[in-house]
Amino acid sequence: MLEPRTLSYHSIRHFRECPQSFKFWAERRDRLPEPPLMLFGKVAHELFYRYGETLRKKGRASDLELARSLAMELSGELPPALQEDLVSLAEKFALNHFFSEADAQLEVGAGVRIGEDGELELKDFDDPEATVRGRIDYLLPQTEDGRVLVVDYKTSWNLPPKSEAFDEQLYIYSVLALALYPEAETISLVLDFVRYDAKRVMELTKEQALWYAHRLRKLVKRIWESEEFPAQVGAHCETCLYAHHCDAIKNLDGSWLYKTIKTPEEAREMAERYLLLNKAVKHLKKALEVWVNSHGAIELGDGSKLGYKPRTKTTFPDSKRVINALLDAGVERDLIWEKLSISKTAVQSIMKKAKLPKEVRESIMDLAEVETETRFELIKGEREKGE
């Protein structure tokens, strides 16, 4: 059996997705570098925390320039492609979030030990005796009506339907909130999707949170008493940080590459191998890129090389100047409009900057043409909601 460690939402989700990868985490094996999108979330949450704390110290509710300044300071940790996005996200956060509640707490890290009868004992975040732990982005006790507000900021690019928004993370936060404020009768849990200024709200009673704590303790006990941790192939393989230890990838061979699929069982087996091979190829490409960055292109036996090949990309950043030049050259205006297109994102950005009223925005969006296309790709399943 594994040596127990304090679990979090992420480690519990890790176990559900792939017991073998969870085992590598529990054994503290070396990990692959985190992909840029995972790093983006961590940097964004650091920005939210520093922004809120600075405002509280200054006694101010909001400050757009402060948000921009912090984003520029922290963006250096990210790849260039994500730096501008961080600034944009910081601006949205500053415009839609105000820190005027004196009792609010930010980045509240805590652990909780769940006893055999479901009783909750508050522990420090790093206390090894804690059953689970977590960091709550925004916590506001509302003691006058026996309520605690818990907010979790989400930086994801996709806004899930309301029916799919809630997962195990909020249930764990309800247990942490109840350990912090045992007198609370209701826990209000909010998923705050910062990009969309959209919120998903769920309320749990004290009894519901304690019921989940009891089930959570049983789940944690089952995890640490497990003797087998099999590899489980799925969408999570794309971002697995332990793929270089994966037995399933190591056991891949080429005998199946040109096999004809005849049964549903063979189709599933081939699909799992496809996902594993895709992950292995991405890891191999990254390793080769690191080598080429330091040593130059790799010469192959036939005289070809594997490395970076310059590509040219022609754009017209000043579209107004180009259109005027075409008009001056005698090109008909209708011919120009026929060849131009504008993205949904650009239209929405223009309307936001122009501060158009809602009914005008909706009428403009009605002019869009929606096309549906199908692509061969992985369709992710719903997350499990609890044990």
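Report follows, based on the coordinates. (Residues numbered from 1 in each chain as written. Predicted model: local features only at pLDDT ≥ 70, side-chain atom pairs only at ≥ 80, totals over all residues. Heavy atoms only, no water.)

### Concerning the pairing of strand 5 (residues 186-193)
Alright, step 1. Across the eight residues that make up strand 5, a large majority, eight, are buried.
Alright, step 2. Along strand 5, one buried face is formed by Thr186, Ser188, Val190 and Asp192 and the opposite face, lined by Ile187, Leu189, Leu191 and Phe193, is buried too.
Alright, step 3. When strand 4 (residues 147-154) meets strand 5, the two strands line up parallel, connected through eight bridges. Bridging across to strand 5, Leu149 finds its partner in Ser188.
Alright, step 4. Pairing geometry for strand 5 and strand 6 (residues 198-205), over eight bridges, is antiparallel. By the bridge assignment for strand 6, Asp192 is matched with Lys199. (Buried < 20%, exposed > 50% of the residue type's maximum accessible area, 1.4 Å probe, protein only. Helix = DSSP H or I, 4+ residues; strand = E, 2+ residues; numbered from the N terminus. Pairing = 2+ DSSP bridges.)

### What to know about the state of the cysteines
Alright, step 1. Per the counting criterion, the structure on display carries zero disulfides.
Alright, step 2. For the unlinked cysteine Cys237, the closest cysteine sulfur is that of Cys18, found at 6.4 Å.
Alright, step 3. Just so you know, Cys246 is unpaired, no disulfide at all, and the nearest cysteine sulfur is the one on Cys18, 6.4 Å from it.
Alright, step 4. When its relative accessible area of 10% is taken as the criterion, Cys246 is described as buried. (Disulfide = S-S within 2.5 Å.)

### Things to note about the packing of helix 1 (residues 9-17) against helix 7 (residues 206-225)
When two helices pack together, their arrangement is given by the angle between the helix axes and by the axis-to-axis distance.
Alright, step 1. Running from N to C, helix 1 and helix 7 cross one another at 60°; their axes reach a closest spacing of 12 Å. Put simply, helix 1 runs oblique to helix 7. Seen along the crossing, helix 1 lies across helix 7 with a hand that is left-handed. Facing helix 1, whose interface residues are Ile12, Phe15 and Arg16, helix 7 presents Leu216, Leu219, Arg222 and Ile223.
Alright, step 2. Class assignment for the residues of the contact of helix 1 with helix 7 results in five nonpolar, no polar and two charged. (Axes fitted to C-alpha atoms, helices over the stretch in contact; angles between N-to-C directions. Parallel < 35°, antiparallel > 145°, perpendicular 65-115°, else oblique. Left-handed = near helix turned anticlockwise from the far one by under 90°. Contact = heavy atoms within 4.5 Å. Nonpolar A, V, L, I, M, F, W, Y, C, P; charged D, E, K, R; others polar.)

### Comments concerning the sheet that holds strand 4
Alright, step 1. What the six strands build is an open sheet, ordered 2-1-3-4-5-6; its pairing is mixed. Among the strands making up the open sheet, the edge pair consists of strand 2 (120-123) and strand 6. If you compare each strand with its neighbour and ignore which way they point, the axes differ by 40° on average.

### Overview of unusual backbone geometry
Alright, step 1. Despite not being glycine, Arg28 shows a phi value in the positive range, around 60°.
Alright, step 2. Assignment of secondary structure puts Arg28 in the loop between helix 2 (19-26) and helix 3 (36-58).
Alright, step 3. In this structure, Lys355 takes a positive phi of about 55° despite not being glycine.
Alright, step 4. Owing to a relative accessible area of 72%, Lys355 belongs among the exposed residues under this scheme.

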